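Close look at the chain arrangement
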Amino acid sequence: RDPDGDWSSDVCSSDLPLRIFILGARAESSLPSHVLAQLSHLFPRIPLHLYFVGPEAHIPASSQTPTSDSVYGVPSYTRIDNENLTMTNLQCDYAEVHDGLGPFDPYQDVFFSFSPGFGFPAENDPTKTQLEANWLGAVQKILETKCAMFCTGFSRSEERRVGKECMESVDL
């Protein structure tokens, strides 16, 4: 806000959207537009572009055409809800599309991962954690961007496990 308490026009008038990357997206990628539109109401002056990225990201059956993977190189679906809200679903691991989504700006881009299970044993190799087996490449690329990354857990112990695994990972 400016000294008079009004919103400064240069802060809220960016033509570039705030890009929010939701990694490991599953059910959240299939939320109806009117639910996700609530974000536009919370931040009415800020254009948002939500990216739902994950192997289980929802791609509507009506968009399953041979050209559905032409823009990002993976199956994708983009819908524009209004002038301030665009949503793109990318059905792949994040590391596959990272380079194509750049360049990144720490002031305009943010990453979220809801209950990624970093500290749990990997399915294919119980001697490794999910972070080591499935997420390491993606997390390393995200850290290189200098953008914020927020992770959640489904319980307090899961949150501790995620934090511990990230802090103890030799490769991070």
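Refer to the structure printed above.
Anyway, here's the lowdown on the structure attached to this text.

Conventions used here
Residues numbered from 1 in each chain as written. Predicted model: local features only at pLDDT ≥ 70, side-chain atom pairs only at ≥ 80, totals over all residues. Heavy atoms only, no water. 1 Å grid on protein atoms, 1.4 Å probe; cavity = no way out; pocket = protein on both sides within 12 Å on 5 of 7 lines; lining within 4 Å. Points joined across faces, edges and corners; volume = space filled by probe spheres on them. Helix = DSSP H or I, 4+ residues; strand = E, 2+ residues; numbered from the N terminus. Nonpolar A, V, L, I, M, F, W, Y, C, P; charged D, E, K, R; others polar. Buried < 20%, exposed > 50% of the residue type's maximum accessible area, 1.4 Å probe, protein only. Lys, Arg positive; Asp, Glu negative; His and termini not counted. Salt bridge = Lys/Arg side-chain N within 4 Å of Asp/Glu carboxyl O. Polar contact = N/O pair within 3.5 Å; in protein donor to acceptor, adjacent residues only side chain to side chain. Pairing = 2+ DSSP bridges. Axes fitted to C-alpha atoms, helices over the stretch in contact; angles between N-to-C directions.

Notes on the layout of surface pockets
Estimated volume of the largest pocket: approximately 460 Å³. Forming the boundary of the largest pocket are 21 residues, of which Gly24, Pro55, Asp93, Asn134 and Trp135 lie nearest the centre. Looking at the lining of the largest pocket, the elements that each hand over two or more residues are α4 (94-101) and α5 (130-145). The dominant element in the lining of the largest pocket, judged by the number of residues it contributes, is α5, at 5 residues. Each residue belonging to the lining of the largest pocket can be placed in one class, and the counts come to 10 nonpolar, 7 polar and 4 charged.

Things to note about the side chain of Arg79
For Arg79, the location among the structural elements is in strand β3 (residues 76-82). Despite its burial, Arg79 pairs with no opposite charge, the nearest such side chain being Asp81 at 6.2 Å. One polar contact links Arg79 to Ser33, side chain to side chain, over a distance of 3.2 Å.

Some thoughts on the sheet that holds strand β5 (residues 109-113)
In space, the 6 strands of this open sheet follow the order β3-β4-β2-β1-β5-β6, with mixed pairing throughout. Since the sheet does not close on itself, it has two edges, and those belong to β3 and β6 (148-151), each with one partner. Recorded for the sheet is a direction-independent mean angle of 15° between the axes of neighbouring strands. Relative to strand β4 (residues 85-90), strand β2 (residues 48-53) runs parallel, the two sharing 6 bridges. Among the inter-strand pairings, Leu50 is bridged to a residue of β4, identified as Met87.

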